[in-house]
Every structure is written in structure tokens, then in C-alpha cells.
Amino acid sequence: MTQIVHLAAGAQQVSVTMLEIGAVFVLLGLLSYLALKLKISSVPLFLLAGLALGKGGIVPLDFSEEFLNVGAEIGALLLLLVLGFEYSASELVATMKKRWHAGVVDLLLNAIPAAVLALVLGYGPLGALAFGGIMFVSSSGIASQLIRETGWARSDVAKRTTGVLVFEDLMLAPYLPLVVAATLGIGVLAGLVSVGIALAVTAGVFLIAMGRELPGLRSLAQRGPGVLLLLVFGSALALAGLANMVGFSGAVAAFLVGMLLTGEVAESLRSRFAPLRDIFSAIFFLFFGLSIAASDVLAVIPIALAFSVVGVLGKFGVGWWLGRDMSDPMSWKRIGAFLSSRGEFSMIIASTVAVQASLGQVKEITLGIVVITATISTLAIRMFRSRFEQ
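Residues numbered from 1 in each chain as written. Predicted model: local features only at pLDDT ≥ 70, side-chain atom pairs only at ≥ 80, totals over all residues. Heavy atoms only, no water.

This next bit is on the pattern of salt bridges. Here the structure, examined in full by the defined rule, presents four salt bridges. D325 is the salt-bridge partner of R160, the closest N and O atoms lying 2.7 Å from each other. With R160 in helix α7 (residues 156–184) and D325 in the loop between α14 (301–323) and α15 (331–340), this pair connects stretches of sequence that are 165 residues apart. Judged by its relative accessible area of 55%, D325 falls in the exposed class. A network of salt bridges, in which partner residues are shared, links D106, E168 and K315. (Salt bridge = Lys/Arg side-chain N within 4 Å of Asp/Glu carboxyl O. Helix = DSSP H or I, 4+ residues; strand = E, 2+ residues; numbered from the N terminus. Buried < 20%, exposed > 50% of the residue type's maximum accessible area, 1.4 Å probe, protein only.)

Here's what the structure looks like:
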């Protein structure tokens, strides 16, 4: 009898949890619709929803820490996998050759000022390393979404913006293992080994992707697209887990898996994954918000605002450098607006270093930065779009 009661109670708990998760996805759909109507990025709304439903929120949901961490990790990996479909190795190499100088300017105007600000605020060398990366990397997801929604994908502004985004994403391959080594305090030699592994893996992926298309995938994309989706999903998750085990970034690994799939295969996957892109984004940003208490974010808003001001000015500086030779004098402002938002990779960096007691507030500060910069980015795009020339 007791066993039956326990089984009934367990079934009841599962039903309540499913009801809560279903209600959350309905809420995310409504927030996406609201963002569409307001013509703004949905990311700040997802993060605010996570705060409202998380620790100390308006309607807190009782999810375990492990469930939140795994959910956020899977959301991030799948989001970056989809972003990897947007690029091919040959395009990346061509872009790097043409826009590398803009990447250097990006480092000088964003990573270094943020690192200096972190030192001034007392976060120490590890905080400088972390906040330098958080403020250096723009959100490829938000920028790509804004480019698609505004219909500017074929413009020169979009191409130059994408060049910077590509540089930033690839720079994270050696950077993230270095951050992990510094956070765990495993020593310089171990850190260099991790960075070496990251560079070797990245170079290997480029060499494979620039060669012949992986055998059998084109036929599978035509005859068994469902099988291909499952294989890509499973491979991305498995390789990301393996990458984390050997000191490489699972997020970058997922991005590289997406980049490996080129040509007709990538086109097929891109069209099939397109409706899922927003779902992955919603899962990642919502779960990040759920892991943070709203009161803790409010306490660090002034710090987040300071980093955001420095970061937005830095990205507009990069925009000026990239667009100074364009005929339309407003072009550099549009590039700066696209680049201003921070997002998925900034949050991954914050989650990596948050285990350090001295950086216990880094996730809260980063959430504030993402909300502020994403809002500024979307409003700035609306301000500069009226005179845009395709």
C-alpha cells in the first residue's frame, strides 16, 4: 500500500512538473510574439522571464540545480551548432584574411578597457581575464537575428559585421581553455596544453572542412533527412561532452561541428533547423535566468551599466573602423549597433568563472550586461534603419 502511495505521489509530481514546463514554453511563445510586435530582440525578455520564474522570483519554479545546468548547457550547444551552419571553412578563411585588422581593433577597444575596468573594480587578474572576454565577444545569435529580421543579410554592412563576429567566435577556441585553466588554478603548463589542444582541433576542423565534403552526407540529406538530424544532434552533444573532458570548449566544439557541414548538406540542415533556432535560444537564455536571483541582479545593475557603456562605445568604435570607407556615413553606426549586443558566449564565460568565490557575482553582472546591450542594440538598429541602402 505504501509503495502504491509513493508511486501515485511520484506520478503527481511528474505531472505538475510537465504542466509547469508546458506553461513556461507557452510563456516563451507569447514573449517571442511580443518581441516580434515591438521589433526588438527576444533575448532580454527570455532572461527577464527566467528571473521572474527563478530564485526569489514572482512565481519561482522548483527545478533542481542539475536540471537547470544541463538544460542551459544543451540549449547553448544546440544554439551554437545552428550558428555553425551559417559559415563554411572557406568563407571563414577568406573573412579572416580580409577583416583580421578589425578583430585586432576589437580587442583593443573592448577586451582591454573591460579588463582595466575589472581591475579598477577589484576583481583581480582572473576577473580582468573573464570580463575582457565577456565584453570582447558580441552575440552572434542576436546579431544574426537582427540581420535576418531587418532584411539586410545581403548588404555590405552585414558582411562586414559577420567578419567581426567570425573573428570573435574563433578567438574563443584558445581563450576558453585558458579561462578554465586560470579558474581551476591548474598551472601555466596545463593551460598551455589546453590551448594547444584547442588550436590543433580548430586547425584540424578547418583542414577537413576545406577539403572534400564528408562522404555519404549529401545522399543522407536527400533520402533520410530525419536520420541526418538525429546523427548531427547526437554527434554535437557527444563531441561537446568529449571536448569538455579533454580541456576543450564544448560550446566551440558544437560550433565547429556545424561548420564541418557545408554545401548542400548545410543548406538542408539550415532550413530544417531554422524553426528550432529560436527554441534553442529561448531554452539557453531562460535557463540562465532561472539560475539567478532577481535581487542579486538588481544589486549589481550599476556595475553592469558601467561595463555596458564601455562595451557599447567600444563596438561603435569598431563600427567606425570598419565603415569609415563606405559611402553612406551612417553605415558605421549600423555596424556598431549590430555588434553591441552581448549574449551566449558572454554567459558561457561567466558560468565558467562563477565557481570562484571572488567572482561570485559575475553571472548576475553578465545577465545585466546582456539585457542592457541587447536592448541598446535593437533600439539603435531601429533608429538607423530609415535611411539604410541595400
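How two helices sit against one another is set out by the angle between their axes and by the gap between those axes. The geometry of α14 relative to helix α17 (residues 362–384) is characterised by a closest axis approach of 9 Å and an angle of 40 degrees between their N-to-C directions. In terms of their interaxial angle, α14 and α17 are classed as oblique. The handedness of the crossing between α14 and α17 is right-handed. On the side of α14, the interface is formed by I303, A304, L305, F307, S308, V312 and F316, while α17 contributes I365, G368, I369, I372, T373, I376, A380 and F384. (Axes fitted to C-alpha atoms, helices over the stretch in contact; angles between N-to-C directions. Parallel < 35°, antiparallel > 145°, perpendicular 65-115°, else oblique. Left-handed = near helix turned anticlockwise from the far one by under 90°. Contact = heavy atoms within 4.5 Å.)

The next point concerns the packing of aromatic side chains. This structure, assessed with the given rule, holds three aromatic pairs. Ring centres of Y123 and F131 lie 5.4 Å apart, and the angle between their planes is 50 degrees; this geometry places the pair in the tilted category. Residue Y123 shares its accessibility class with F131, and that shared class is buried. Geometrically, the ring pair formed by F316 and W332 is edge-to-face, given 6.5 Å between the ring centres and 90 degrees between the ring planes. Here F316, found in helix α14, pairs with W332, found in helix α15; they are 16 residues apart in sequence, far enough to count as distant. Judged by relative accessible area, F316 falls into the buried class, the value being 17%. By way of ring pairs, the aromatic residues Y123, F131 and F307 are connected into one cluster. Taking NZ or CZ as reference, R324 lies 4.0 Å from the ring centre of W321, over its face. (Phe/Tyr/Trp six-rings, centres within 6.5 Å; stacked < 30°, edge-to-face > 60°. Lys NZ or Arg CZ within 6 Å of the ring centre and 35° of its normal.)

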